[in-house]
Amino acid sequence: MRAKIVLLGAVMATVASGAVQAADQVLLRAREGAAAMLRGQYDRAVALYDEALGTPDVSKFVQASIYSDRGVAKWHMKNTKEAIDDFNESIQLAPDNAIVYNNRGNALMDLGHPEEAIKDFDRAIALDPSYGAAYNNRGNAYATLQNYDAAFQSFRKATALLSTTAAPYNGRGRAHAERERYHAAVRDLSHALKLDPKSAAAYRNRATANFELGKYAAAAEDATQALDLEPEHDKAKLLMLRARSYAAEGAFREGVADFDKVLDIEPDNMDAFAERGELLAKNKRYDAAIGDFNKVLELEPKNVKAYALRGETKMFDRRPDEGYIDVNIAILLAPDDPLALRIRGNIYEAQKRTENAIADYQRALAKDPFQEESRAALERLGAPMPVATGKPVGPAVAGWVINEKAPGRFAATNPDYRGVSVDMEMFGDGQPKILAWDQLKGAQSGLGLLKYDAGNANGEGQLEYVAIVDTKKRQVLSIEPERWGDKSAIWTWKTASLSVTDPDGNISDVELRPERSQAAPVARRRRDDGGGFFGFAQQQPQRKTNRKRARRNSGGQNSNPLGWLFR
């Protein structure tokens, strides 16, 4: 889609400019060549351009245009090297045509030379600073080199110049995702899909971002849309992502079916065997699960995860002593593996060896502070949490503390909201800093706003973002911009949703929760009240309604494979 959008525009531009100066015969052939291009008859177009170039006394300007168009036709025919030769000829004859540099840059990308392509896109932009396609294509080149910060800046410029085109928003969303800014990625990719509902690339990228955010149903739906639009593109990868999403949602049959499809395509995919085995075990298909873990160990005899999960499956099957052997092999292979330590802790607990279980849970949690299973186990046993070895990033604010979960990756947690971890998406240099925590009232009761410093960006100053936290559901609904330097975002609150317009003018809609049937207090953006960074106007309900007491749901003894152990 990138190349078609840009290159066909070049055809029409050069024909128009050549029409003024060329002889009648040249003009006729050039027009016929352009028409053949638009019909997809590229070999016919090349023949017509050959005839036009063979006409005597053709001016250099007209020749340059025809060489450029013939290069586009050859590029479409996958004759990329010949296309570059034509672009070179065009540049020799008319070195100030931005379109030809952009065309040659695209051809160089296809040949696997992104560094050289960037030089051509730079030249195109220098000649025409408003050339949005060149910015977009340069973003793709930087992304190929995994320079996602530079890619983001190019895509950002492209979105400003091509505000009604999906491609740059898709590119910027992908750059966000590669920098692990998944909320920002979903925001851009959703905008791309509003502009082009049939963008398979945007669905693929949003599926990945939604999965990383734990929005598994949305991830599965996006993967399905992408597969429907382009059934063979990244098929195994998308099926794997959808299978994982189904598994996380507890959709057993759908998950197994997709893992089966992955293994039909990639018979030695160890991750598919391991994760299908895990799903089978959680649904009490213990023999089938063990068969999958055995297959992984055939492919890789020292696979730590397979030993650990096979041990866990045997524990589920009430064979904890056999499981203990497997998980000990896993720990011999990787003494500090948090998964294996947690599973051995479960087995120790099943064997009534409580002190050993606590020791393993503490070791697992020390290695992975975000492993909720070990944290819950220690709470269940009334045991102390391991002492945090890392120094918090900055002081606590209203109980919120930031820790560096991995190099350059930060998360905020609060002991008052167990299970909530706010990944601090960084958009500039430096470390995050919590600025404020506001708990909402009225219709938004149960929501909180965690405002933080998201780094310093050259040319824009300090960046401030806000994480919208649902403290009841223990999830982060979105992370939205509040301020870029001296430019503020506009927050518009409704009862069940929020609209945020960033300083670039891009709008993001955040669904908060289903609207209540009665009128309720509505949070409103307050410009300057001096009492926190958000203020609220109260809209009183017209009448009171009685609330029925919700029935408690015990969940049943068989809802969890470990129910026999922990009930």
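All values derive from a computational prediction rather than experimental measurement.

This brings us to the sheet that holds strand 9 (residues 490-493). Read across the sheet, three strands follow the order 9-10-11 without closing on themselves; strand pairing throughout is antiparallel. Edge positions in the sheet fall to strand 9 and strand 11 (507-511), since each has one partner strand and no second. Averaged over neighbouring strand pairs, the angle between their axes works out to 15 degrees when direction is ignored. Relative to strand 11, strand 10 (residues 497-501) runs antiparallel, the two being bridged by five bridges. Within the sheet, the bridge partner assigned to serine 497 lies in strand 11 and is glutamate 511.

Quick look at the pattern of salt bridges now. All chains considered together, the criterion is met by 39 salt bridges. One salt bridge connects glutamate 480 with arginine 187, and the closest N-O pair in it is separated by 3.3 Å. Linking glutamate 480 in strand 7 (residues 475-484) with arginine 187 in helix 11 (residues 182-195), this pair joins segments that are 293 residues apart in sequence. Like glutamate 480, the residue arginine 187 is buried in the burial classification. Of the charged contacts, one joins glutamate 372 and arginine 375 as a salt bridge, the two residues approaching to 3.9 Å between their closest N and O atoms.

Our next topic: the packing of helix 11 against helix 12 (residues 200-212). If you want to describe how two helices pack, look at the angle between their axes and the distance between the axes. Viewed as axis vectors pointing N to C, helix 11 and helix 12 meet at an angle of 150 degrees, and their least axial separation amounts to 9 Å. Comparing their axes, helix 12 and helix 11 come out roughly antiparallel. Helix 12 is crossed by helix 11, and the crossing has left-handed handedness. Counting all contacts with helix 11, which are made through Tyr182, Ala185, Val186, Leu189, Ser190, Ala192 and Leu193, the residues of helix 12 involved are Ala202, Tyr203, Asn205, Arg206, Ala209, Asn210 and Glu212.

In this section: unusual backbone geometry. Of note, glutamate 180 is a non-glycine position whose phi angle comes to about 60 degrees, a positive value. Its identity as a non-glycine residue notwithstanding, alanine 398 has a phi of 55 degrees, on the positive side. Looking at the element boundaries, alanine 398 is found in the loop between helix 22 (372-381) and strand 1 (401-406).

The next thing to look at is the sheet that holds strand 7. In space, the five strands of this open sheet follow the order 4-5-6-7-8, with antiparallel pairing throughout. Two strands lie at the open edges of the sheet, namely strand 4 (433-439) and strand 8 (487-488), each paired on one side alone. As judged from the nine bridges shared by strand 5 (residues 447-457) and strand 6 (residues 461-470), these two strands associate in the antiparallel manner. Bridging from a neighbouring strand, tyrosine 452 pairs with tyrosine 465 of strand 6.

The next subject is the packing of aromatic side chains. This structure, assessed with the given rule, holds seven aromatic pairs. Plain terms: the ring middles of phenylalanine 211 and tyrosine 216 are 5.3 Å apart, the flat faces sit at 65 degrees to each other, and that makes the pair edge-to-face. On the basis of relative accessible area, tyrosine 216 is assigned to the partly exposed category, the value being 26%. When the centroid spacing of 5.8 Å and the interplanar angle of 20 degrees are considered together, the rings of tryptophan 400 and tyrosine 417 count as stacked. One end of the pair, tryptophan 400, is in the loop between helix 22 and strand 1; the other, tyrosine 417, is in the loop between strand 2 (409-413) and strand 3 (422-423), with 17 residues separating them in the sequence. The class of tryptophan 400 is buried, set by a relative accessible area of 0%.

This brings us to helix 12. Counted at 1.5 Å a residue, the expected span for helix 12 with its 13 residues is 18 Å, and the 19 Å between its end C-alpha atoms agrees. Buried positions along helix 12 lie against helix 10 (166-178), helix 11, helix 13 (216-229) and helix 14 (235-249). Phi turns positive, to about 80 degrees, at glycine 214, one or two residues after helix 12.

The subject of this paragraph is the environment of alanine 36. Checked against the element boundaries, alanine 36 lands in helix 2 (residues 24-38). Sequence separation between alanine 36 and valine 46 is ten residues; the distance between their C-alpha atoms is 9.1 Å.

If you trace the backbone, arginine 204 turns up in helix 12. Here histidine 233 takes part through its side chain, which lies 3.5 Å from a polar atom of the side chain of arginine 204. Those residues in contact with arginine 204 that lie beyond four places of it in its chain are Ala226, Glu230, His233, Asp234 and Leu238.

Looking at the element boundaries, serine 508 is found in strand 11. A distance of 3.1 Å separates a polar atom in the side chain of serine 508 from a polar atom in the side chain of glutamate 480. Beyond its immediate chain neighbours, meaning those up to four positions away, serine 508 contacts Arg187, Glu480, Leu498, Ser499 and Val500.

Attention now moves to the confidence of the model for the chain. Mean pLDDT over the chain: 87, with 86% of residues reaching 70 or higher. In the predicted structure, residues 1-22 sits below a pLDDT of 50 and forms 51 contacts with residues beyond four places in sequence or in another chain. Here residues 516-567 scores under 50 on pLDDT; set against residues more than four positions off or in separate chains, the count is 72 contacts.

Another point: the nonpolar core. Formed by 53 residues in total, the largest nonpolar core has its most connected members in Phe259, Ala272, Ala330, Ala340 and Ile343. With seven residues, the top contributor of residues to this core is helix 18 (residues 304-316). Those residues in contact with alanine 340 that lie beyond four places of it in its chain are Ala308, Val327, Ala330 and Ile331. In terms of nonpolar packing, the next biggest core, distinct from the first, is built from 46 residues, Phe87, Val100, Ala134 and Ala143 among them.

Rules and cut-offs
Residues numbered from 1 in each chain as written. Predicted model: local features only at pLDDT ≥ 70, side-chain atom pairs only at ≥ 80, totals over all residues. Heavy atoms only, no water. Pairing = 2+ DSSP bridges. Helix = DSSP H or I, 4+ residues; strand = E, 2+ residues; numbered from the N terminus. Axes fitted to C-alpha atoms, helices over the stretch in contact; angles between N-to-C directions. Salt bridge = Lys/Arg side-chain N within 4 Å of Asp/Glu carboxyl O. Buried < 20%, exposed > 50% of the residue type's maximum accessible area, 1.4 Å probe, protein only. Parallel < 35°, antiparallel > 145°, perpendicular 65-115°, else oblique. Left-handed = near helix turned anticlockwise from the far one by under 90°. Contact = heavy atoms within 4.5 Å. Phe/Tyr/Trp six-rings, centres within 6.5 Å; stacked < 30°, edge-to-face > 60°. Expected span 1.5 Å × (residues − 1). Polar contact = N/O pair within 3.5 Å; in protein donor to acceptor, adjacent residues only side chain to side chain. pLDDT = per-residue confidence, 0-100. Core = buried A, V, L, I, M, F, W, Y, C linked by side-chain atoms within 4.5 Å.

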